[in-house]
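Given next are the chains, with one letter for each unit.
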Amino acid sequence: MKTTDYLVKSITKDGKFRAYAVNATQLVERAHEIHGTWSTASAALGRALVGTLLLATAGLQGDAGMKVKIQGNGPVGYIVVDGTAHGTVKGYMGNPHVNLPANAKGKIDVAGAVGKQGTLSVTKMAPTDKTPYTGEVNLVSGELGDDFTYYLAQSEQIPSAVGLSVFVNTDDSIEVAGGFMIQVLPGASDAAITRLENTLKNMPQVSDMLRHGATPEDILHKLFGDDLKLLDKMPVRYECDCSKQRFARALESLPIKDLKKLIDEDHHAETVCQFCGKKYEFNEKDLQLLYDKKVADTAADKELAAKKKQAKKNQK
Ligand code: ZN
């Protein structure tokens, strides 16, 4: 299938506004297929995926990664999304089986599913970085677009506007999903900001535009007319990079007695990736290897600690 999903980065010709727009229909459909999300949950997870995609492609360098956690008091519980600067995302949620009636405006009730109270946190981590940076804000609406906007303003001091939109069909499949993000750069005039606010107020929803065949470029032109320089166009997709090795490391971090119990009582272990649903089997032999390595590592650690202690004593 030909992909319709891509993201466009642009800047206004005067360099005062940065604007990104994305069509993420197929990647949100993929998330729906993996997690079996019901309609309102699909929209909540979809908006979180699109929001993270916009934040990650704008705010990360190279191979750095981003983890967005939304913990609201609504029925979906938590939502976790990982994103990269390369336009890949993956995510999961506490309860994917949430289907609520439309809200008072006749729209899908994402705030009802997420909850109006709670937190949104964003952790950025470079591959070599041992101390990740985390910013956290309280939810302001639970609709998620406003919450990402508030995060950028409060935690990163970037005045911005984030619009996130998912249209779910009656059979729970995703008709369209996408969004935009505008960041106000230093030197933007009050008049230009007011003009933008008016444009945003009168603009149709992103899902309406996408359903009528608009491209990410069309959305950007709707926002800023021809006053734009397109900087980059990149594919986006739902991608999980899990591996048996990664789950082996997780098993290895279990206490020795728990590993021993897995071997003696269960004779195998099965792990399931929360992001993509892939299963990994560890047979008794796999587990025994992990156990032997853990025992050897622990012995080596003890020896090293004893040596350090002895060296300290000798110094005194
Ligand atoms: Zn996976």
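Position numbers for residues start from 1 in each chain and track the written sequence from start to end. pLDDT decides what is reported in this predicted model: residues at 70 or higher carry local features, side-chain atom pairs at 80 or more are listed and counted, and totals for whole chains, interfaces and linings draw on all residues regardless. Water and hydrogen atoms play no part in the side-chain values, which are based on all heavy atoms of the structure.

Novice: Honestly, the sheet that holds strand E4 (residues 78–84) in this entry has me stumped. Any pointers?
Specialist: The pairing of strands in a sheet happens through backbone hydrogen bonds and is either parallel or antiparallel. One open sheet holds the 6 strands; their spatial order is E7-E6-E3-E4-E5-E11, and the pairing between them is mixed. Pairing within the sheet leaves two strands with one partner each, and these edge strands are strand E7 (133–138) and strand E11 (237–238). Any two strands with at least two DSSP-identified bridges between them are counted as paired. Counting from the N terminus, the helices are DSSP H or I runs at least four residues long and the strands are E runs at least two residues long. Examined bridge by bridge, E4 and strand E5 (residues 88–93) share 5 bridges and lie antiparallel to one another. Within E5, the residue paired with Ile79 across the bridge is Met93.

Novice: Mind showing me how you'd approach the nonpolar core here?
Specialist: In globular proteins that are soluble, nonpolar side chains generally tend to be buried together. Judged by nonpolar contacts, the single largest core of 53 residues is most densely connected at Leu27, Leu54, Ile70, Ile79 and Val114. Ranked by the residues each element gives to this core, the list is headed by helix H2 (residues 39–59), at 12 residues. Only heavy atoms enter the contact rule, under which two residues are in contact if any of them lie within 4.5 Å. Not counting residues within four places of it along the chain, the set of residues in contact with Leu54 comprises Leu7, Tyr20, Val22, Val162, Leu164, Gly179, Phe180 and Met181. Buried residues of nine kinds, namely Ala, Val, Leu, Ile, Met, Phe, Trp, Tyr and Cys, make up a nonpolar core once their side-chain atoms join them within 4.5 Å. Relative accessibility under 20% of the residue-type maximum defines a buried residue, over 50% an exposed one, and the middle range a partly exposed one, all with a 1.4 Å probe and only protein chains included.

Novice: Before we go on, may I ask you to explain the coordination of the zinc ion in this structure?
Specialist: Ideal values differ by geometry: the angle at a metal is 109.5 degrees with four tetrahedral donors, but 90 or 180 degrees with six octahedral donors. Donor selection uses N, O and S atoms within 2.8 Å of the metal (3.2 Å for Na, K and Ca). Since no water is included, sites may look incomplete. Distances from the zinc ion to its protein donors, namely Cys240 (SG), Cys242 (SG), Cys273 (SG) and Cys276 (SG), fall within the range 2.2 to 2.3 Å. Angles of 104 to 116° at the metal separate the 4 donor atoms of the zinc ion, which places the site in the tetrahedral class. Read in sequence order, the donor residues for the zinc ion give the motif C-x1-C-x30-C-x2-C. Pair noted here: Cys240 is in the loop between E11 and helix H8 (244–252) and Cys273 is in the loop between strand E12 (268–272) and strand E13 (279–283), with a separation of 33 residues, a long-range link. Only four donors with every angle between 85 and 135 degrees are called tetrahedral; only four or six donors with opposite donors over 155 degrees apart and all others between 65 and 115 are called square planar or octahedral, in that order; all others are irregular.

Novice: How do you make sense of helix H10 (residues 284–315) when you look at a structure like this?
Specialist: Owing to its 3.6 residues per turn, the α-helix brings residues three or four apart onto one side. To estimate the expected span of a helix, subtract one from its residue number and multiply by 1.5 Å. Taking 1.5 Å per residue as the helical rise, H10 with its 32 residues ought to reach 46 Å, and the 47 Å between its terminal C-alpha atoms agrees with that figure. Here H10 has its buried residues at Leu287, Leu290, Tyr291 and Lys294. At its buried positions, H10 is contacted by H8, helix H9 (256–266), E12 and E13. Whenever a nitrogen or oxygen atom comes within 3.5 Å of another N or O atom, the pair is scored as a polar contact, on the condition that within protein one atom can donate a hydrogen and the other can accept it, and that pairs from neighbouring residues in sequence are kept only if both atoms are in side chains. For H10, the capping residue at the N-terminal end is Asn283, with a side-chain oxygen 3.1 Å from the backbone nitrogen of Lys285.

Novice: Would you explain the pairing of strand E6 (residues 118–125) in this entry?
Specialist: By the bridge criterion, 8 bridges tie strand E3 (residues 65–72) to E6 in an arrangement that is antiparallel. Residue pairing in the sheet places Val68 in a bridge with Val122 of E6. Summarising the sheet, E6 and E7 pair through 6 bridges and their orientation is antiparallel. By the bridge assignment, Thr119 is partnered in E7 with Asn138.

Novice: Could you clarify how one ought to interpret the side chain of Thr40 in this entry?
Specialist: Of note, Thr40 is situated in helix H2. Take Thr40: its relative accessible area is 0%, and that puts it in the buried class. Within polar-contact distance, the side chain of Thr40 engages the backbone nitrogen of Leu100 at 2.8 Å. Here Thr40 is in contact with Val98, Asn99, Leu100, Ile108, Asp109, Val110 and Ala113, once residues within four sequence places are set aside.

Novice: Mind showing me how you'd approach the packing of H8 against H10 here?
Specialist: When two helices pack together, their arrangement is given by the angle between the helix axes and by the axis-to-axis distance. With their axes 10 Å apart at the nearest point, H8 and H10 run at an angle of 55° to one another. Judged on the interaxial angle alone, H10 and H8 are oblique. Classified by chirality, the crossing of H10 by H8 is right-handed. Judged by residue contacts, Lys244, Ala248, Leu251 and Glu252 of H8 engage Asp286, Leu287, Leu290, Lys293, Lys294 and Asp297 from H10. Each residue is assigned to one of three groups, with Ala, Val, Leu, Ile, Met, Phe, Trp, Tyr, Cys and Pro labelled nonpolar, Asp, Glu, Lys and Arg labelled charged, and all others, Gly among them, labelled polar. Considered class by class, the residues forming the contact of H8 with H10 number 4 nonpolar, no polar and 6 charged. Angles here are taken between N-to-C directions and fall from 0 to 180 degrees, while the axes themselves are lines fitted to C-alpha atoms, restricted in helices to the stretch in contact. Note on angle classes: values under 35 degrees are labelled roughly parallel, values over 145 roughly antiparallel, values of 65 to 115 roughly perpendicular, and the remainder oblique. Crossing chirality is assigned from the near helix's rotation relative to the far helix, an anticlockwise turn below a right angle marking it left-handed and a clockwise turn marking it right-handed.

Novice: Would you mind showing me how to read the domain arrangement of the protein chain here?
Specialist: How large an interface is tends to be reported as the accessible area lost when its parts come together. Along its sequence, the protein chain is carved into domain 1 (6–238) and domain 2 (244–315). Taking only C-alpha atoms into account, the centre of domain 1 sits 39 Å from that of domain 2. Accessible area, probed at 1.4 Å, shrinks when two parts are joined; the buried area is that loss added up over both. Three residues, Ile34, Lys90 and Tyr92, lead the burial of domain 1 against domain 2; their summed loss comes to 72% of the area buried on that side. Only one rule defines a salt bridge in this text: a Lys or Arg side-chain nitrogen within 4 Å of an Asp or Glu carboxyl oxygen. For the pair domain 1 and domain 2, the interface holds 0 salt bridges. Along the contact surface separating domain 1 from domain 2 lie 2 residue pairs in polar contact (both at pLDDT 80 or more). Of all elements in the fold, only helix H1 (25–35), E4 and E5 reach the threshold of two or more residues within the side of domain 1 that touches domain 2. Per-class residue counts for the side of domain 1 that touches domain 2 are 4 nonpolar, 2 polar and 3 charged. Here the limits of each domain have been adopted from an automatic or database domain assignment.

Novice: Teacher, can you tell me more about the sheet that holds strand E1 (residues 6–12) here?
Specialist: Taken in spatial order, the 5 strands make up an open sheet running E8-E9-E2-E1-E10, and their pairing is antiparallel. Each edge of the sheet is formed by a strand with only one pairing partner; in this case those strands are strand E8 (160–168) and strand E10 (228–235). Taking each pair of neighbouring strands and ignoring which way they run, the sheet shows an average axis angle of 10°. Where E1 and strand E2 (residues 17–23) come together, 6 bridges link them in antiparallel fashion. Of the residues in E2, the one forming a bridge with Ile11 is Arg18.

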